[in-house]
Amino acid sequence: MTDRQVRAEERRTAEPPPTSFSEEYFDRRYARDPDPWGLARRWYERRKYAITLASLPRERYRACFEPGCSIGELTRLLAPRCDRLLAVDFAEDAVRQARAAVRDFDHVEVRRSTLPAQLPNGPFDLVVVSEILYYLSRDDLDLMLDGLVDRLEAGGDLVAVHWCGNGPPRRYNGHDVHPVIEAREELERLVHHSDEQFVLDVFRRKGTA
Ligand SMILES: C[S@@+](CC[C@H](N)C(=O)[O-])C[C@H]1O[C@@H](n2cnc3c(N)ncnc32)[C@H](O)[C@@H]1O
């Protein structure tokens, strides 16, 4: 999406964007500010990360996938809980910063990928989706969820956490996206947290590992 399309989108009511936000849109944001959302400095983010980590049902996971990792702040915090962790983002500058953030962890890989087209091979026993799903069109959201659920092993956990504010990128927010995940019949919800800032859900893939 261009900046103009984004502004037009913001005036609309809560609907998914007609096309997914583009790599160029995020590249421009990183060019203006290397940490566009203040992931490394805002209390909102620190609190969100603390609640996300505290909500993980298991102490350790074998293989974690983190789509839309941005500059690797959450990646760095997830690393000690996982034997292997793959984090991806399509913005080149984000990937460069994320690699630097996790340089002390040999078991963490940061890859440049466009989602949902370049979802990695699974299986994973943990998927952490933080503040990316509302940038996807309805079709891409469906493809993304199909791909994530396919790659999540039976008994594995999918954690989703999204902002619920009423500003940029637009009114469409976590309250719109999480019910789409909840509707997946392969998943059962274990945890639900909702406050004035964000919504967090932990889902488990049905079946036994
Ligand atoms: C708000 S930031 C994510 C913040 C991060 N997950 C956290 O909570 O710390 C959104 C990130 O998703 C990435 N992104 C958005 N759409 C994407 C897509 N289709 N494929 C890959 N990365 C994408 C952007 O480049 C950006 O770095």
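Refer to the structure above for everything that follows.
So, a few notes on the structure that sits alongside this text. (Residues numbered from 1 in each chain as written. Predicted model: local features only at pLDDT ≥ 70, side-chain atom pairs only at ≥ 80, totals over all residues. Heavy atoms only, no water.)

### Some details on the layout of surface pockets
Piece 1. In this structure, the largest pocket encloses a volume near 650 Å³.
Piece 2. Mapped onto the lining of the largest pocket, the elements with two or more residues apiece are α2 (23-32), α3 (43-55), α4 (73-78) and β2 (82-89).
Piece 3. Along the lines of polarity and charge, the residues of the lining of the largest pocket split into 20 nonpolar, six polar and nine charged.
Piece 4. Quantified by volume, the second largest pocket comes out at close to 160 Å³.
Piece 5. Breaking the lining of the second largest pocket down by element, the ones donating at least two residues are β1 (61-67), β2 and β3 (108-112).
Piece 6. Partitioned by chemical class, the residues of the lining of the second largest pocket number seven nonpolar, three polar and three charged. (1 Å grid on protein atoms, 1.4 Å probe; cavity = no way out; pocket = protein on both sides within 12 Å on 5 of 7 lines; lining within 4 Å. Points joined across faces, edges and corners; volume = space filled by probe spheres on them. Helix = DSSP H or I, 4+ residues; strand = E, 2+ residues; numbered from the N terminus. Nonpolar A, V, L, I, M, F, W, Y, C, P; charged D, E, K, R; others polar.)

### Observations regarding the side chain of Asp201
Piece 1. As for its position among the elements, Asp201 is in strand β7 (residues 198-205).
Piece 2. By relative accessible area, Asp201 is classed as buried at 1%.
Piece 3. Among the polar contacts made by the side chain of Asp201, one reaches the side chain of His178 at a distance of 2.7 Å.
Piece 4. At a separation of 2.6 Å, a polar atom in the side chain of Asp201 contacts the side chain of His192.
Piece 5. Residue contacts for Asp201: discarding those within four places in its chain leaves Leu158, Val159, Ala160, His178, Arg189, Val191 and His192. (Buried < 20%, exposed > 50% of the residue type's maximum accessible area, 1.4 Å probe, protein only. Polar contact = N/O pair within 3.5 Å; in protein donor to acceptor, adjacent residues only side chain to side chain. Contact = heavy atoms within 4.5 Å.)

### What about the pairing of β2?
Piece 1. Most of β2 is tucked away, with six of its eight residues classed as buried.
Piece 2. With six bridges connecting them, β1 and β2 associate as parallel partners. Residue pairing in the sheet places Tyr61 in a bridge with Cys82 of β2.
Piece 3. Across five bridges, β2 lies against β3 in parallel orientation. Paired with Ala87 across the two strands is Val110, which belongs to β3.
Piece 4. Of the crossover connections in this fold, the one passing from β2 over helix α5 (residues 92-101) to the parallel β3 is right-handed. (Pairing = 2+ DSSP bridges. Right-handed = clockwise from strand over helix to strand, strands pointing away.)

### Description of the site of the ligand
Piece 1. Tyr30, Tyr49, Gly68, Asp89 and Ser130 are the nearest of the 19 residues found near the ligand.
Piece 2. Leu115 places a polar main-chain atom, nitrogen or oxygen, 2.9 Å from a nitrogen atom of the ligand.
Piece 3. For the ligand, the accessible surface in isolation is 610 Å², of which the surrounding protein chains cover 98%.
Piece 4. Here the ligand occupies the largest pocket.
Piece 5. Of all the elements in the fold, those that place two or more residues in the shell around the ligand are α2 and α3. (Near = heavy atom within 4 Å. Areas by Shrake-Rupley, 256 points an atom, 1.4 Å probe, with all protein chains shown as cover. Sits in = over half its atoms within 2 Å of the grid points.)

### Some points on α2
Piece 1. Residues of α2 that are buried: Tyr25, Phe26 and Tyr30. All buried residues of α2 project into a common sector of 130° when viewed along the axis, lining one side. The exposed residues of α2 that point more than 90 degrees off its buried face are Ala31 and Arg32. (Arc of directions from axis to C-beta.)

### Quick look at the environment of Arg28
Piece 1. Examined against the element boundaries, Arg28 turns out to sit in helix α2.
Piece 2. Sequence separation between Arg28 and Ala91 is 63 residues; the distance between their C-alpha atoms is 9.5 Å.

### Some remarks on the nonpolar core
Piece 1. Counting residues in hydrophobic clusters, the biggest one holds 62 residues, and the most contacted among them are Leu133 and Leu158.
Piece 2. Setting aside its immediate chain neighbours within four residues, Leu158 contacts Val127, Val129, Leu148, Leu152, Ile181, Asp201, Val202 and Phe203. (Core = buried A, V, L, I, M, F, W, Y, C linked by side-chain atoms within 4.5 Å.)

### Looking at the pairing of β7
Piece 1. Here β7 lies mainly inside the structure; seven of its eight residues are buried.
Piece 2. Pairing of strand β5 (residues 152-163) with β7, which is carried by seven bridges, proceeds in the antiparallel orientation. In the sheet register, Ala160 faces β7, and the bridge partner there is Asp201.
Piece 3. Pairing of strand β6 (residues 187-194) with β7, which is carried by seven bridges, proceeds in the antiparallel orientation. Bridge pairing links Arg189 to Phe203 in β7.

Interpretation in functional terms is not warranted from these geometric data alone.
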